[in-house]
Amino acid sequence: MFNVQLAKEHIDVAVVGGGPVGSFAALHLAKLRTNVMVFEEHETVGVPSHCAGHLSILSLRNLGLHQLPSSMVENIFSQANFYSPAGFKFSVKLAKPVTCAVNREAFDKYVASMAEAAGARYSLNSRVESLLMDGGAVRGVNVTRGSVLEMVPAKIVIDAEGISSRLLRQAGLAGFNGDGLVYGVEAEVENVRDLELDAVEVFLGKAYAPGFYAWLIPRRDGTAKVGLAAKRGNPKMFLRRLIHRHPVASEKLRNARIQRITFHPITLGGPIPKAYADGFMVVGDAASQVKPTTGGGVIFGLACARIAAEVAHDAIRRGDVSSASLQLYQKRFTEALGFDFHVMLWARRFLDSISDEKLDSLLRFYTWIGLDKTLANVEDIDFQGKLLLRILNKPAMFAALVYLLRIYLSANP
Ligand SMILES: Cc1cc2nc3c(=O)[nH]c(=O)nc-3n(C[C@H](O)[C@H](O)[C@H](O)COP(=O)(O)OP(=O)(O)OC[C@H]3O[C@@H](n4cnc5c(N)ncnc54)[C@H](O)[C@@H]3O)c2cc1C
């Protein structure tokens, strides 16, 4: 039985979820002097963590997060090694470090502390059960704290619940494209052999990670994060197969000890078609703002959260939080990311459609034409559509694309 109460405090924006995306929305709302409260169901921000925390340094800088405490940054990388299922290695050495691995628990706490310092308030141990509705419009949230159910009115609710969001359906919005769902496993391991400390390792192929890929991300202390996602089958079984049977990964991981293992789904189907309603906006994984190629959702989620905060602030200032007013959010994030999403969705479809043998010949061809040299000066790994346009005039990139199209057309006549 719940003791039902009406909240006494006044809130302009209720953010549901204290993950990085919810906290980043709260940070920008607080900076704009909007009264914002974040509801997080756990007693601490950042736990449990399920993520590899592999992020682009340039994108962090563009989001104003370039001064992360060094204790949170586990490593930086200037190389990526891609392996075919047969073990062929296509290696790209970059001119300078382009990505980093962060401790996700520490990262989430850091973004939340920035939001709090800017004036956002946090209500922990507070689960949003449902939306307060009035004639089809969202007017706040129903929150449980222990045995108390509190009705909290708010002018706008920002849904940052992550992939398991149920609120968007109550607001009348469609969920993410289920065809794009993969099931991830992430393990922290010690006792790894032959770690290349400045390289992220990517293992491609249906035999080890059908519908996605597997990764090995070394930490400076000699431990590593190993993981994969799969569209079908048991991800733990695929991880075992990677560790014991992959021609390259098994050499490194055969004697590794797993210290911690987590499971979590990833949505690769592109953003939900509509991420706003009357008094309501959806950000981050809840809106499937995740890169369909790599499954990275932090950077795009943060970018969208910043836009959502600006649009929400402006709507409240004008006194119009209707769906017609909030649709500017969708327009702005589609302008910023729409092209990249289209290109990455195509790339995901391509990768899913080709056989492991074709993947092997693709990596061999890329090495033969020297594509690694063309990619050596790449700084941005997030905006992959715009990146493609920038380097398409390079002969090796053009040849790579033609070869890729030939394979695609032969696999999809
Ligand atoms: C195995 C794996 C590896 C990944 N690796 C990377 C990577 O290397 N790089 C990258 O960019 N991305 C990666 N991702 C994706 C990344 O983890 C997500 O995109 C990111 O966490 C999305 O942030 P978010 O704030 O939208 O959601 P979340 O991080 O899921 O946060 C949602 C928060 O909302 C809270 N919550 C949920 N419902 C409620 C409720 N009703 N009431 C109150 N609180 C609620 C939750 O407790 C949680 O704290 C990975 C994902 C997986 C599964």
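Definitions and limits used
- Residues numbered from 1 in each chain as written.
- Predicted model: local features only at pLDDT ≥ 70, side-chain atom pairs only at ≥ 80, totals over all residues.
- Helix = DSSP H or I, 4+ residues; strand = E, 2+ residues; numbered from the N terminus.
- Rg over C-alpha atoms; globule rule 2.2 N^0.38 Å.
- Buried ≥ 20, exposed ≤ 12 C-beta atoms within 10 Å, placed from the backbone.
- Contact = placed C-beta atoms within 7 Å.
- Expected span 1.5 Å × (residues − 1).
- Bend = angle between axes of the 7 residues up to and from the residue.
- Axes fitted to C-alpha atoms, helices over the stretch in contact; angles between N-to-C directions.
- Parallel < 35°, antiparallel > 145°, perpendicular 65-115°, else oblique.
- Left-handed = near helix turned anticlockwise from the far one by under 90°.
- Nonpolar A, V, L, I, M, F, W, Y, C, P; charged D, E, K, R; others polar.
- Near = placed C-beta within 6 Å.
- Domains from an automatic or database assignment.
- Pairing = 2+ DSSP bridges.
- Right-handed = clockwise from strand over helix to strand, strands pointing away.
- Core = buried A, V, L, I, M, F, W, Y, C linked by C-beta atoms within 7 Å.

**A closer look at the overall build of the protein chain**
Consideration 1: Broken down by element type, the protein chain carries 12 helices and 20 strands.
Consideration 2: Taken over C-alpha atoms, the radius of gyration comes to 22 Å for the protein chain, in line with the 22 Å a tight globule of 413 residues would show.
Consideration 3: Sorting the 413 residues of the protein chain into buried and exposed places 46% on the buried side.
Consideration 4: Expressed as a percentage of contacts within the protein chain between residues at least 6 apart in sequence, the contacts between residues at least 24 apart total 72%.

**So, helix α8 (residues 323-353)**
Consideration 1: The terminal C-alpha atoms of α8, which comprises 31 residues, lie only 38 Å apart, well short of the 45 Å expected from a rise of 1.5 Å per residue.
Consideration 2: Approximately 55° is the largest bend angle found in α8, and it occurs at L337.
Consideration 3: For α8, the set of buried residues is S325, L326, Y329, Q330, F333, L337, D340, F341, M344, R348 and L351.
Consideration 4: Buried residues in α8 make contact with β19 (276-277), β20 (280-282), α7 (298-318) and α11 (384-391).

**Some words on α7**
Consideration 1: Compared with an ideal rise of 1.5 Å per residue, which puts 21 residues at 30 Å, α7 spans 30 Å between its outermost C-alpha atoms and is within 8% of the ideal.
Consideration 2: Among the 21 residues in α7, 16 count as buried, and that is most of the element.
Consideration 3: Among the residues trailing α7, G319 stands out with phi positive, at a value near 75°.

**Some points on the packing of helix α1 (residues 20-31) against helix α3 (residues 104-118)**
Consideration 1: Running from N to C, α1 and α3 cross one another at 20°; their axes reach a closest spacing of 8 Å. With respect to their mutual orientation, α1 and α3 come out roughly parallel. Seen from above, α1 lies across α3 with left-handed handedness. Contact residues: α1 offers P20, S23, F24, A26, L27, A30 and K31, while α3 offers F107, D108, V111, A112, M114, A115 and A118.
Consideration 2: Here the residues of the contact of α1 with α3 are counted per class, giving 11 nonpolar, one polar and two charged.

**Some points on the site of the ligand**
Consideration 1: Surrounding the ligand, one finds 36 residues, the nearest of these being G17, G19, G162, G284 and G297.
Consideration 2: Residue composition of the shell around the ligand, grouped by class: 13 nonpolar, 17 polar and six charged.
Consideration 3: Shared between two domains, the shell around the ligand takes at least three residues from each, and those domains are domain 1 (3-49 + 106-178 + 269-344) and domain 2 (76-100 + 179-267).

**Notes on unusual backbone geometry**
Consideration 1: Here V47 and P48 are connected by a cis peptide whose omega angle stands at -5°.
Consideration 2: For P48, the location among the structural elements is in the loop between β3 (36-39) and β4 (54-56).
Consideration 3: Even without a glycine there, the phi angle at N191 is positive, about 65°.
Consideration 4: Note that N191 resides in the loop between β14 (181-190) and β15 (199-204).
Consideration 5: Unusually for a residue other than glycine, S288 sits at a positive phi of about 55°.

**Brief notes about the sheet that holds β20**
Consideration 1: The strand order β9-β3-β2-β13-β20-β19 describes an open sheet built from six strands, whose pairing is mixed. Edge positions in the open sheet fall to β9 (121-123) and β19, since each of these has one partner strand only.
Consideration 2: Here three bridges tie β3 to β9, and the two strands are oriented parallel to one another. Note that in β9 the partner of F39 across the bridge is S123.
Consideration 3: The strands touched by α1 are β2 (13-16), β3 and β13 (156-159); relative to β3, the strand with the most contacts, the crossing angle is about 170°.

**Points about the pairing of β2**
Consideration 1: Burial of the side chains of β2 extends over both faces: V13 and V15 are buried on one face and A14 and V16 on the other.
Consideration 2: As paired strands, β2 and β3 are joined by four bridges and run parallel to one another. Residue pairing across strands places A14 opposite M37, the latter belonging to β3.
Consideration 3: Following the backbone out of β2, through α1 and into the adjacent parallel β3, one traces a crossover that is right-handed.
Consideration 4: Direction of pairing for β2 relative to β13: parallel, over a ladder of four bridges. Bridging across to β13, V13 finds its partner in I156.

**Overview of the domain arrangement of the protein chain**
Consideration 1: According to the domain assignment, the protein chain consists of domain 1 (3-49 + 106-178 + 269-344), domain 2 (76-100 + 179-267) and domain 3 (350-411).
Consideration 2: The partner domain 2 presents nine residues to the 12 residues of domain 1 that form the contact.
Consideration 3: Along the lines of polarity and charge, the residues of the side of domain 1 that touches domain 2 split into five nonpolar, six polar and one charged.

**A short note on the nonpolar core**
Consideration 1: In terms of nonpolar packing, the biggest core is built from 127 residues, with A14, A25, I158, L228, M281, V283 and A308 touching the most fellow members.
Consideration 2: Per element, the largest residue contribution to this core is 13 residues, and it comes from α7.
Consideration 3: Other than its neighbours up to four places away in sequence, M281 contacts I156, I158, D159, A275, Y276, A308, A312, L326 and Y329.

**With respect to the sheet that holds strand β5 (residues 73-77)**
Consideration 1: Spatial strand order, β4-β8-β5: three strands in an open sheet with antiparallel pairing. Pairing within the sheet leaves two strands with one partner each, and these edge strands are β4 and β5. Strand-to-strand, the axes of this sheet are offset by a mean angle of 30°, without reference to chain direction.
Consideration 2: Relative to strand β8 (residues 99-102), β4 runs antiparallel, the two sharing three bridges. Among the inter-strand pairings, S56 is bridged to a residue of β8, identified as T99.

**Here we look at the environment of V102**
Consideration 1: Residue placement: V102 occurs in strand β8.
Consideration 2: With near-sequence residues (within four places) excluded, V102 lies in contact with G53, L55, L68, M72, V73, E74 and F107.

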